[in-house]
Amino acid sequence: MTDWPDGYGRRLLDEVDSTLNEAARIAPGLAGPEWILARHQTAARGRRGRGWASPAGNFSATLVLRLNGPAQHAALRSFVAALALFDACVAVTGRPEAFSLKWPNDVLLNGGKLAGILLESAGVAGGAMPLFIGIGVNLAEAPPADAVEARALRPVSLAGETGMRIAPEAFLTELAAAFARYEAQFAAYGFAPIREAWLSRAARLGQPVTARTGTSETRGTFETVDAEGQLVLMTPAGRVRIPAADVFF
Ligand SMILES: O=C(O)CCCC[C@@H]1SC[C@@H]2NC(=O)N[C@@H]21
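Residues numbered from 1 in each chain as written. Predicted model: local features only at pLDDT ≥ 70, side-chain atom pairs only at ≥ 80, totals over all residues. Heavy atoms only, no water.

Per an unreviewed UniProt entry, the protein chain goes by the name biotin--[biotin carboxyl-carrier protein] ligase and belongs to Antarcticimicrobium luteum. Listed under Catalytic activity (unreviewed entry) in UniProt, the entry text for the protein chain is "biotin + L-lysyl-[protein] + ATP = N(6)-biotinyl-L-lysyl-[protein] + AMP + diphosphate + H(+)". (UniProt positions renumbered as here; feature names shortened; annotations may be inferred.)

*Asks:* In this structure, what is going on with the side chain of Asp-106? I would like to understand it.
*Replies:* Within the element layout of this structure, Asp-106 appears in strand S5 (residues 106–109). Here the side chain of Asp-106 touches Lys-113 through a polar contact of 3.2 Å, side chain to side chain. Every residue in contact with Asp-106, bar those within four places of it in the chain, is listed here: Ser-100, Leu-101, Lys-113, Ala-115 and Gly-116. (Helix = DSSP H or I, 4+ residues; strand = E, 2+ residues; numbered from the N terminus. Polar contact = N/O pair within 3.5 Å; in protein donor to acceptor, adjacent residues only side chain to side chain. Contact = heavy atoms within 4.5 Å.)

*Asks:* What am I meant to see in the site of the ligand here?
*Replies:* If you check the shell around the ligand, you find 18 residues, and the closest are Ser-18, Gln-41, Arg-45, Arg-47 and Lys-113. Ser-18 is positioned such that a nitrogen or oxygen atom in its side chain is 2.7 Å from an oxygen atom of the ligand. Within the side chain of Thr-19, one N or O atom sits 3.2 Å away from a nitrogen atom of the ligand. Contact with the protein chains hides 99% of the accessible area of the ligand, taken as 410 Å² for the molecule alone. For the shell around the ligand, the elements supplying multiple residues, two or more each, are helix H1 (19–26), strand S3 (59–67), strand S6 (112–121) and strand S7 (129–137). Each residue belonging to the shell around the ligand can be placed in one class, and the counts come to six nonpolar, eight polar and four charged. (Near = heavy atom within 4 Å. Areas by Shrake-Rupley, 256 points an atom, 1.4 Å probe, with all protein chains shown as cover. Nonpolar A, V, L, I, M, F, W, Y, C, P; charged D, E, K, R; others polar.)

*Asks:* What exactly am I supposed to notice about the environment of Glu-174 here?
*Replies:* With respect to the helices and strands, the residue Glu-174 is situated in helix H4 (residues 168–189). In this structure the C-alpha to C-alpha distance between Glu-174 and Ala-91, which are 83 residues apart in sequence, comes to 6.9 Å. Other than its neighbours up to four places away in sequence, Glu-174 contacts Thr-2, Ala-88, Ala-91 and Val-92.

*Asks:* What am I meant to see in the sheet that holds strand S10 (residues 231–235) here?
*Replies:* Taken together, five strands build an open sheet; the order of strands is S11-S10-S9-S8-S12 and the sheet is antiparallel. Each edge of the sheet is formed by a strand with only one pairing partner; in this case those strands are strand S11 (238–242) and strand S12 (246–248). Strand-to-strand twist of the sheet, defined as the mean angle between neighbouring strand axes without regard to direction, takes the value 45°. Strand direction decides the pairing type here: strand S8 (residues 208–213) and strand S9 (residues 216–225), joined by six bridges, are antiparallel. The partner of Thr-210 across the bridge, within S9, is Arg-219. (Pairing = 2+ DSSP bridges. Axes fitted to C-alpha atoms, helices over the stretch in contact; angles between N-to-C directions.)

Below, the structure is given as structure tokens:
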């Protein structure tokens, strides 16, 4: 059985608007990192202003962290969280080959989108930056395919793809333990080992992908992720580094 990691708090809510909103409300009173898990969210949000379906049975949580390091390290926590999510998925299913990571931080199962991460921050308070890592996993149910953009990957659920029913509380224990391990590695050795581990689980490495930023699109071969976490594409016009985008396969 996996132990809850030392130094991390947790609270369980029946219903909340969004665990990200709850994180912002409680952060000023927290002394250390805290996981907030909600059975149901009434106003969950996804990346780039999109909504996020959050029915009971799915995993909906936010980790509140206080960061003392350089501001650019905050965004790299999305790779730490994605790796932890990957490991938690493997821990509960025993199927490492079924999962992969899509830049910057989606978890795929059998090639469909299983989980997403949304990072938010709340400005500097007392020298430490509060960072909120919102994580949603379709443990029980996935939204219908027509609820996502035309070129987006099909949404999948863990139950639908594997027949396994995993309780959000059990998933949180695995995720919190994995996050604490990778966070300790990040604190000790920086981004390099996190980057290597992320790349070894990456979907479509060496293959053509399209990165969309606003209204412009860049098509190229997915070469790597650089030391700043940027997507590196080799295009006919040369190597392009992309700090933030939606990626389509
Ligand atoms: O668009 C994505 O891929 C990111 C989805 C993030 C959803 C999670 S669910 C818990 C937390 N609360 C929210 O309102 N959003 C995040």
